[in-house]
Amino acid sequence: MIHSHSLTTEQMLEETSLIEAAQRDLTAFEPLYHRYMLRIYRYLFLRVGNPEDAADLTQQVFLKALGSLPTYRPRGIPFAAWLFRIAHYTISDVYRQKKTTISWEVLSHHPLVAEVNPELFVIHQEQLAQLAGLLVRLDPYKRELLALRFSGELSTSEIALVVDKSQAAVKKQLTRTLQQLKEHMA
Amino acid sequence: MKDQHELQTTYADLLGETPDPTLTQLIQHIDTLSHGPQAPSSCSWQTIKSLHTAQSGKLHPLHDLTHTNAVISPPRQNRTRHWMRVGSGLAAAVLLLGILVGSLLFSAHAGPFQVFQQPNRHITLVASQHGRVPTPQALEQAQTILLNRFQHIGLTNTQVHVITTHGQARISLDLVSLSGNEQQALSTLLATGILQVWDTGPATDLGSLLQPGVTFHLTDYTQYNPGGKSGFANQDFNPNAFSASKDPQSGTYRVNFALQGSAITHFQNYTAARIGDVLTITLDDTVITSAVIQSPIPGSGAIVGNFTQAQANALAATLASGVLPIRLTPA
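Note that the structure is a prediction, hence the values are computed from the model and not measured.

Within the largest apolar cluster, 72 residues are counted, with the highest numbers of intra-cluster contacts made by F29(A), L44(A), F62(A), F79(A), W82(A), L181(A) and I27(B). For this core, the element with the highest residue contribution is helix α2 (residues 30-48) of chain A, accounting for 11 residues. Ignoring sequence-local partners within four residues, the contact set of F62(A) consists of F29(A), Y33(A), Y36(A), M37(A), I40(A), L83(A) and I48(B).

What follows is the structure in structure tokens.
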């Protein structure tokens, strides 16, 4: 189930218990790794635009996370925001001197057996391609917010913690960006 | 792709209480684009665990060095480096202690992960190349490919040796014993690794849909594959794109793939021209999946079979590491 909303109390307790277990014993980190790896990878992929760099950076992020895990306190910043903050700064460090690119290529997963009407499929692909073009031309900060919200599956409150802005400012910017894209797509 | 209800639930904060259809469609599209990339096998937990162990020189536990609620960020990097230095010193001490007790520990119990276990299983296989004794170059290349395959799934301590005696070449493997599920994956890791895509005829024909695991007989399908050639083979696939993933809905494992170069367009045209036919994928002439083409398939997709996680990982590792220039058979 993919939801960016805040975790329920039960989910938070379960995650806290996993984190505390991983702080005592690294082997217990595996469920957390599986929970967050793909979200981190996709966020990084949208930042760097190629699978090799995204994979290398994903490794770096989790190695840093494992190294810093003993100092993490579940009652402070939420774990998802903590992890994405590591990813956010890792990529900022690596790509500070380079021109960052975001790949929004049409790479969606297509099972071999697709129950899709061929005509609708073509229209859908064209719309995706048009949107990908618009996203590439967006201001980097706006793209960053979209990447955190959609690929990272973070809530606006979590994004606010990652980018050091207020929740209201993040939500306002996301709403404006979507409105801007909607007008261009019309 | 998310359905309307799931989309509304996931993005309620952006859509509002009375969603605008255009905005909903836009969010649906951004969601689709954002969830396309599939992580490669190099992002496996086994790999991260091995790298962390190599860096820190320790397995666990992680020692609580400080009580600050640190988040990695530029202003705190000096402090992080300081603790890393302290951590390195402590890790060295833990490592020394670990060396003293390590052999005792590993000999007495199975380690926490297979990757850290000592090899305890020996396999010898006869190597041949077109029915003859392989050349030294082919054997060396096969050794490298096999090592890559095992490293890909985290069995980094697997040893692969080439033995040439009495005019016969053998490959000897020392690896950890695998469980029942993983045992099946082993045969995939030792396969030659020839991947081929075939048209096995209209779905309405008996025999067009083939069961995974059966041997593929080209003679039964030559009419759909001009010249007896497969539509696509290893060189048409991007080796870095093979990855195993779990379908969150069905809970089954699949192997993701992407074509490369001109094969991307060719694959789309190939499938567009064969809607209603069955596309069958084989590994070394054994069927791994067979499915009806219902729409043109762009340059990426997934091999969907009844894979266990170990089998999907092994298949992705085998395909990503390349084709063996030799054939291996039990000694």
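Now that the structure has been shown, we can carry on.
Overall, the coordinates contain 7 salt bridges over all chains when judged by the stated rule. Where E14(A) meets R35(A), a salt bridge forms, and the shortest distance between an N and an O atom there is 3.0 Å. With E14(A) in helix α1 (residues 9-24) and R35(A) in helix α2, this residue pair connects regions lying 21 residues apart in the sequence. What makes E14(A) partly exposed here is its relative accessible area of 37%. In this structure R35(A) comes out as partly exposed when scored by relative accessible area, which is 32%. Among the ionic pairs, D13(B) bridges to R149(A), the shortest N-O distance being 2.8 Å. Placement of D13(B) in helix α2 (residues 12-15) and of R149(A) in helix α6 (residues 140-151) is noted, with the two residues assigned to different chains. The class for D13(B) is partly exposed, based on a relative accessible area of 22%. Among the charged side chains, a salt-bridge network with shared partners connects E14(A), E15(A) and R35(A).

Moving on: the packing of aromatic side chains. One pass over the full model with this rule turns up 19 aromatic pairs over all chains. Taken together, a centroid distance of 5.5 Å and an interplanar angle of 65° make the contact between Y36(A) and F79(A) edge-to-face. On the criterion of sequence distance, the pair formed by Y36(A) in helix α2 and F79(A) in helix α4 (residues 79-95) is long-range, its members being 43 residues apart. There is no split in this pair, since Y36(A) and F79(A) are both buried. Note on F237(B) and F257(B): the rings are 5.6 Å apart at their centroids and 75° apart in plane angle, and the pair reads as edge-to-face. One end of the pair, F237(B), is in the loop between β5 (232-233) and β6 (243-246); the other, F257(B), is in strand β7 (residues 253-258), and 20 residues separate them in sequence. Each of the two residues, F237(B) as well as F257(B), counts as buried. Through pairs of rings, three or more aromatic residues link up here, namely F29(A), Y33(A), Y36(A), F62(A), Y72(A), F79(A), W82(A) and W45(B). Looking at K165(A), its charged tip hangs above the ring of Y141(A), at a distance of 5.8 Å from the centre. Sitting over the ring of Y270(B), R274(B) keeps its end group 3.8 Å from the ring centre.

Before going further, it helps to examine the sheet that holds β5(B). All names here are of chain B. Here we have 4 strands laid out as an open sheet, ordered β5-β4-β8-β9, and antiparallel in their pairing. The open sheet has two edge strands, β5 and β9 (286-292), and neither has a second partner. Taken together, the 2 bridges between strand β4 (residues 195-202) and β5 define a ladder with antiparallel strand orientation. In the strand pairing of β5, Q196 is matched with A233.

Residue and element names in this part refer to chain A. At a closest axis distance of 8 Å, the pairing of α2 and helix α3 (residues 51-68) adopts a crossing angle of 135°. The angle between α2 and α3 places the two elements in the oblique class. In this structure, α2 crosses over α3, and the sense of that crossing is right-handed. Across the interface between the two elements, Y33, Y36, M37, I40, Y41, L44, F45 and V48 from α2 touch P51, D53, A54, A55, L57, T58, V61 and F62 from α3. Across the contact of α2 with α3, the residue classes tally to 14 nonpolar, 1 polar and 1 charged.

Turning to the pairing of β7(B), a few remarks are in order. All names here are of chain B. Taking burial as the measure, the 6 residues of β7 include 6 buried ones, the bulk of the element. On β7, burial covers both faces: Y253, V255 and F257 on one face and R254, N256 and A258 on the other are all buried. For β6 and β7, the ladder comprises 4 bridges, and the chain directions are antiparallel. If you follow A244 over to β7, its bridge partner there is V255.

A word on the side chain of N256(B). Residue position: N256(B) is located in strand β7. Among the polar contacts made by the side chain of N256(B), one reaches the side chain of S245(B) at a distance of 3.0 Å.

Residues and elements named next belong to chain B. A sheet is described by the order of its strands in space; here 4 strands give the open sequence β2-β3-β1-β11, paired in antiparallel fashion. The two strands at the open ends of the sheet, each matched to only one other strand, are β2 (159-165) and β11 (327-330). Each neighbouring strand pair of the sheet contributes to a mean axis angle of 35°, computed without reference to strand direction. Strand direction decides the pairing type here: strand β1 (residues 121-128) and β11, joined by 4 bridges, are antiparallel. Residue pairing for β11: A127 is matched across the bridge by L328. Contacts from helix α6 (residues 136-152) reach β1, β2, β3 (168-175) and β11 within the one sheet, and its direction differs from that of β2 by about 155°.

Reading the values: rules and limits
- Residues numbered from 1 in each chain as written.
- Chains lettered and ligands numbered in written order.
- Predicted model: local features only at pLDDT ≥ 70, side-chain atom pairs only at ≥ 80, totals over all residues.
- Heavy atoms only, no water.
- Core = buried A, V, L, I, M, F, W, Y, C linked by side-chain atoms within 4.5 Å.
- Buried < 20%, exposed > 50% of the residue type's maximum accessible area, 1.4 Å probe, protein only.
- Helix = DSSP H or I, 4+ residues; strand = E, 2+ residues; numbered from the N terminus.
- Contact = heavy atoms within 4.5 Å.
- Salt bridge = Lys/Arg side-chain N within 4 Å of Asp/Glu carboxyl O.
- Phe/Tyr/Trp six-rings, centres within 6.5 Å; stacked < 30°, edge-to-face > 60°.
- Lys NZ or Arg CZ within 6 Å of the ring centre and 35° of its normal.
- Pairing = 2+ DSSP bridges.
- Axes fitted to C-alpha atoms, helices over the stretch in contact; angles between N-to-C directions.
- Parallel < 35°, antiparallel > 145°, perpendicular 65-115°, else oblique.
- Left-handed = near helix turned anticlockwise from the far one by under 90°.
- Nonpolar A, V, L, I, M, F, W, Y, C, P; charged D, E, K, R; others polar.
- Polar contact = N/O pair within 3.5 Å; in protein donor to acceptor, adjacent residues only side chain to side chain.

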